[in-house]
Amino acid sequence: MSVLTLDIVTRRRRRSGLGVLGWTSLAVVAVAVLLAIVGPVLRPFDPNLADLSFANVGAYGSHVLGFDGQGRDLLSRLMAGARTTLTGAAFVALVAIVAGSLIAVVTAWFGGVVDAFAAAVLDVLFAFPGILLAVVAAAILGPGLLSAGLALAVAYIPYVTRVLRGAALKERAMTYVAALEVQGFSAWRLCLRHLLPNISALIIAQGTIMFGFAMVDLAAISFLGLGVQSPQADWGVMISDGKSGLLQGYPLESLSAAVCIVAVVSAVTFLGERLEARAKESRR
Amino acid sequence: MTRFLARRTAMLVATMLVASFAIYGALYVSPGSPLSALTGNRPLPPEAKAQLEARYHLNEPFLVRYWHWLVSALHGDLGESIPLHENVSTLIGQRVGVTAGLVLLTSVIIVIAGVGLGILGALGKGLVDNGVLLASTVSAALPSFAAAVVLQFVVAVKLGWLPALGTGHGFADSLRHLLLPALALAATSVALVTRVTRAAVREETGREHVQTAVSRGLPWPSVVRRHVLRNAAIPITTVVGITIASLIALSAVVETAFGLNGLGAYLVQAAQNKDVAVVQGISLVLVLAFVLTNMLVDIAYAVLDPRLTLGGRAA
């Protein structure tokens, strides 16, 4: 996973408005989310209905994109894959963000030993790339979306925490926090009602960026055969399923799934970086 | 410098110690006996089971086994793969060359293409700069597995220029086989390095000391080389180091895609077969490579900017 958010590039952009790229990204994400939610109603055919006599046949009648290597309707599989792929990535981003915010706020609040201990643990975690952690998790818990998703979430926690901890520390040092503390407000109430809401813009931006990373990494793990298991439709699985067809000159299954992943990830990452730039700007 | 190196090495050893414990412990608690791969889940007669357990030290307490594993790992022995009856170090030795070659070739591509394009974009105007930006935006969004299928289809299947699968024999042939995987692995990183280089060089070119050098009448190429690039080298080194370190784990994806007989692809196979000793061994080697690369980046950083040495970078 590449961790550098390119704020050197994004910071200079104008603040107001989304621009053409922004609106395009928003539209791509909206379509993908819509497909994930209502796809089962819209899709023309059963994504798991295989007929080998149609293997790798191109566009044919109402089968707009034709068939995959096992004679299943490609468009229906792409639509079914949207749900699996987006749900998986959302799960990873959610777990990483919740755990990361919690650790960030707690370490920023208490400081001292708690902070040092957490920093040491996270440092060791930095030594495990997400993909490696997911492969090891598959060896322990068996392959599947759950083990891959949990491993990735754990691998992302240090990255999320690092960004949020800085913001939480700054917030902790504000005079209003000291003022509320003096008035006898409990730490719980202060953290939940004041500290967290004040860094929420950054949390949402981080969540969006992590969602993009998670989509790529989960697809890679499914591609390796350790995530979502074939025959369930998933964009990563479809790239891997389509590889034998690709080598025989039928690239549509692999390539269409790859295009879906690239389009959604680019859109999500673009929006996430814009959100982050905006959150950082307003904190300055 | 010595103190910095000593501190950094101590940190490395500590990280590896904890990481090795985590790797060994996590797979130790995994459900299912390591013997089941051998017996295919059939029940064994108690004597045979006891004999096998003694042979693979399965009957000893956890900490004793971890200690044995760690000490022999330090001597280069990573134990025995139970299903394959082979020494893990031998299995790793047969494959480490492919992975090292792949990561090395990819790094060369990243440095040459990334830094080169970045400088081109920063110093060029209009069309050149926009071309660089467009190319880096497209390739930044291309994950390694997607780049792999695209390259496989276009270059190998359609054009037939390079082989689509396999490792190859001999140096020249291996290089031919590694070229497409390396390009697929490099795609995202080249974009990242290009963008950081472009931004860093552009920032330096606008600084006062560069304008002073220009007004002193120094030739532009030497201003770029001696005044711009030397100062821009720090952020560039950082991003190059981070991306190269991230290649180590990602190589598994590309190796699987191109059917390369490397460590990463083998790790994935071993995970599917629950070959615990192999998963432990390769994970340890990959984590070590990852941590070592990060340490080299920190050292390069200190060499490039001596001001940073004494305090040390926040770890």
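Parameters at a glance
- Chains are numbered independently. Their residues run from 1 in the order of the written sequence.
- The lettering of chains begins at A and the numbering of ligands begins at 1, in the order of writing.
- Since the coordinates come from a predicted model, pLDDT governs what is reported: local features require at least 70, and pairs of side-chain atoms require 80 or more to be given and counted, while whole-chain, interface and lining totals use all residues.
- No hydrogens and no water enter the side-chain calculation; it runs on all heavy atoms of the structure.
- The nonpolar core is taken to be a set of buried Ala, Val, Leu, Ile, Met, Phe, Trp, Tyr and Cys residues, with the residues joined through side-chain atoms within 4.5 Å.
- In this scheme, a residue with accessible area under 20% of its type's maximum is buried, one over 50% is exposed, and one in between is partly exposed, where area comes from a 1.4 Å probe on protein chains only.
- Elements are defined by DSSP. Helices are runs of H or I of four residues or more, strands are runs of E of two residues or more, and each kind is numbered from the N terminus.
- For the domains described, the bounds stem from an automatic or database domain assignment.
- Contact between two residues is taken to exist if any of their heavy atoms lie within 4.5 Å; hydrogens are not considered.
- What makes a patch is a set of residues exposed beyond 30% relative accessible area and free of salt bridges, joined within 9 Å when like-charged and within 5 Å when nonpolar (Val, Leu, Ile, Met, Phe, Trp, Tyr).
- Here the open area of atoms and residues is found with the Shrake-Rupley method and a 1.4 Å probe, where only the protein chains shown may cover a residue.
- A carboxyl oxygen of Asp or Glu within 4 Å of a side-chain nitrogen of Lys or Arg is what we treat as a salt bridge.
- To pair, rings of Phe, Tyr and Trp, with the six-membered ring standing in for Trp, must have centres within 6.5 Å; the planes then decide the type, stacked if under 30 degrees apart, edge-to-face if over 60, and tilted in the middle.
- A 1.4 Å probe defines the accessible area here, and the buried area is the portion of it lost by two parts on being joined, summed over both.
- Following the grouping adopted for this structure description, the nonpolar residues are Ala, Val, Leu, Ile, Met, Phe, Trp, Tyr, Cys and Pro, the charged ones are Asp, Glu, Lys and Arg, and the polar ones are all others, Gly among them.
- Polar contact criterion, stated in full: a pair of N or O atoms within 3.5 Å, where within protein one must be able to donate a hydrogen and the other to accept it, and residues adjacent in sequence count only if both atoms are side-chain atoms.
- Interaxial angle, 0 to 180 degrees, is taken between N-to-C directions of lines fitted to C-alpha atoms, where a helix line uses only the stretch in contact.
- Should an angle lie under 35 degrees it is considered roughly parallel, over 145 roughly antiparallel, and from 65 to 115 roughly perpendicular; all remaining angles are considered oblique.
- Expected helix span is given by 1.5 Å per residue-to-residue step, counting one fewer step than there are residues.
- Here the bend at a residue is taken as the angle between two axes, fitted respectively to the seven residues that end there and the seven that start there.
- You can read pLDDT as the predictor saying how much it trusts each residue, on a scale of 0 to 100.
- Helix crossings fall into two classes, left-handed where the near helix is turned counterclockwise from the far one by less than a right angle and right-handed where it is turned clockwise.

1. A look at the nonpolar core
- Core analysis: the biggest nonpolar cluster contains 159 residues, and Met-215 and Trp-235 of chain A together with Phe-145 and Val-287 of chain B have the highest contact counts within it.
- Of the residues forming this core, the biggest block, 15 residues, is contributed by helix 10 (residues 220-257) of chain B.
- Summarising the domain contributions, this core has at least three residues from each of domain 1 (2-89) and domain 2 (96-311) of chain B.
- If near-sequence neighbours (up to four positions away) are discounted, Met-215 of chain A is found in contact with Thr-85, Leu-86, Ala-89, Trp-235, Ile-261, Val-264 and Val-265 of chain A.

2. Examining a nonpolar patch on the surface
Residues and elements named next belong to chain A.
- On the surface, Val-33, Leu-34, Ile-37, Val-38, Val-41 and Leu-42 cluster together into a nonpolar patch covering about 570 Å² of accessible area.
- Along the polypeptide, Val-38 turns up in helix 2 (residues 19-42).
- With a relative accessible area of 33%, Val-38 lands in the partly exposed category.

3. What about the packing of aromatic side chains?
All names here are of chain B.
- As enumerated under the stated definition, the model contains 6 aromatic pairs over all chains in all.
- Ring centres of Tyr-24 and Trp-69 lie 4.9 Å apart, and the angle between their planes is 40°; on these two criteria the pair is classed as tilted. Here Tyr-24, found in helix 1 (residues 2-28), pairs with Trp-69, found in helix 4 (residues 62-74); they are 45 residues apart in sequence, far enough to count as distant. Considered together, Tyr-24 and Trp-69 belong to a single accessibility category, that of buried residues.

4. Some details on the interface of chain B and chain A
- Taken together, the 48 residues of chain B in the interface contact 40 residues of chain A.
- Summing both partners gives a buried area of about 3800 Å² for chain B against chain A, and 82% of it is carried by carbon and sulfur.
- Three residues, Phe-145, Val-149 and Phe-153 of chain B, lead the burial of chain B against chain A; their summed loss comes to 16% of the area buried on that side.
- In this structure, the connection of chain B to chain A is made through 0 salt bridges.
- With 9 residues, helix 10 of chain B is the single largest residue contributor to the side of chain B that touches chain A.
- The residue makeup of the side of chain B that touches chain A, split by class, is 38 nonpolar, 8 polar and 2 charged.

5. Let's talk about the pattern of salt bridges
- Following the criterion strictly, the structure yields 7 salt bridges over all chains and no others.
- Of the charged contacts in the structure, one is a salt bridge between Arg-165 of chain A and Asp-115 of chain A, with a shortest N-O distance of 2.7 Å. Of the two residues, Arg-165 of chain A is situated in helix 6 (residues 145-172) and Asp-115 of chain A in helix 4 (residues 112-126); the sequence distance between them amounts to 50 residues.
- Its salt-bridge partner being Glu-181 of chain A, residue Arg-172 of chain A comes within 3.3 Å of it at the nearest N-O pair.
- Residue Glu-181 of chain A is classed as partly exposed on the basis of its relative accessible area, which comes to 35%.
- Overlapping salt bridges bring together Asp-129, Arg-198 and Arg-202 of chain B as one network.

6. With respect to the environment of Thr-238 of chain B
All names here are of chain B.
- Here Thr-238 lies in helix 10.
- Since its relative accessible area comes to 15%, Thr-238 is described here as buried.
- In terms of polar contacts, Thr-238 uses its side chain to reach the backbone carbonyl oxygen of Ile-234, at 2.8 Å.

7. Describing the domain arrangement of chain B
All names here are of chain B.
- The domain boundaries assigned to chain B delineate domain 1 (2-89) and domain 2 (96-311).
- Relative to domain 2, the C-alpha centre of domain 1 lies at a distance of 33 Å.
- With 23 residues of domain 1 in contact, the opposing surface of domain 2 contributes 23 residues.
- The contact between domain 1 and domain 2 buries some 1900 Å² in all, and 76% of this surface belongs to carbon and sulfur atoms.
- Of all residues in domain 1, Phe-4, Arg-8 and Met-16 give up the largest surface area on contact with domain 2, accounting jointly for 27% of the area buried on that side.
- For Arg-8, the salt bridge goes to Asp-298, with nearest N and O atoms at 2.7 Å.
- Taken together, the connections running from domain 1 to domain 2 amount to 1 residue pair in polar contact (both at pLDDT 80 or more).
- Secondary-structure elements contributing two or more residues to the side of domain 1 that touches domain 2 are helix 1, helix 4 and strand 1 (80-81).
- Considering every element that reaches the side of domain 1 that touches domain 2, the biggest residue donor is helix 1, with 12 residues.

8. Observations regarding the packing of helix 10 of chain B against helix 12 (residues 276-304) of chain B
All names here are of chain B.
- Two elements in contact, helix 10 and helix 12, have axes whose closest approach is 9 Å; the angle formed by their N-to-C orientations is 175°. The angle between the axes of helix 10 and helix 12 places the two elements in the roughly antiparallel class. Side by side, helix 10 and helix 12 meet where Ala-233, Ile-234, Thr-237, Thr-238, Gly-241, Ile-244, Ala-245, Ser-246 and Ile-248 of the first sit next to Leu-286, Ala-289, Phe-290, Thr-293, Asn-294, Val-297, Ala-300, Tyr-301 and Leu-304 of the second.
- A breakdown of the residues in the contact of helix 10 with helix 12 according to their chemical character gives 12 nonpolar, 6 polar and no charged.

9. Looking at unusual backbone geometry
- With phi around 55°, Lys-274 of chain B is a residue other than glycine that occupies positive phi space.
- Relative to the elements of secondary structure, Lys-274 of chain B occurs in the loop between helix 11 (263-272) and helix 12.

10. Overview of helix 8 (residues 171-205) of chain B
- Compared with an ideal rise of 1.5 Å per residue, which puts 35 residues at 51 Å, helix 8 of chain B spans 42 Å between its outermost C-alpha atoms and falls more than 12% short.
- At Ala-186 of chain B, helix 8 of chain B is deflected by roughly 45°, the largest bend along its length.

11. A closer look at the confidence of the model for chain B
- Per-residue confidence for chain B averages 82 on the pLDDT scale, and 92% of its residues sit at or above 70.
- Predicted complex metrics record ipTM = 0.80 and pTM = 0.83.

12. Some details on the packing of helix 7 (residues 144-158) of chain B against helix 8 of chain B
Residues and elements named next belong to chain B.
- Running from amino to carboxyl end, helix 7 crosses helix 8 at an angle of 140°, the nearest separation of the two axes being 8 Å. On the basis of the axis angle, helix 7 is oblique to helix 8. Crossing geometry of helix 7 relative to helix 8 is assigned as right-handed. Along the contact surface, helix 7 presents Ser-144, Ala-147, Ala-148, Leu-151, Val-155 and Ala-156, while helix 8 presents Leu-180, Leu-183, Ala-184 and Ala-187.

13. Brief notes about helix 7 of chain B
All names here are of chain B.
- Between the first and last C-alpha of helix 7 there are 20 Å, a value that for 15 residues agrees with the 21 Å anticipated at 1.5 Å per step.
- By the largest-angle criterion, Gln-152 marks the main kink of helix 7, which is about 30°.
- Of all 15 residues making up helix 7, 11 are buried, and the element is well covered by its neighbours.
- Residues of helix 7 that are buried: Ser-144, Phe-145, Ala-146, Ala-147, Ala-148, Val-149, Leu-151, Gln-152, Phe-153, Val-155 and Ala-156.
- At the C-terminal side of helix 7, Gly-160 shows a positive phi close to 65°.

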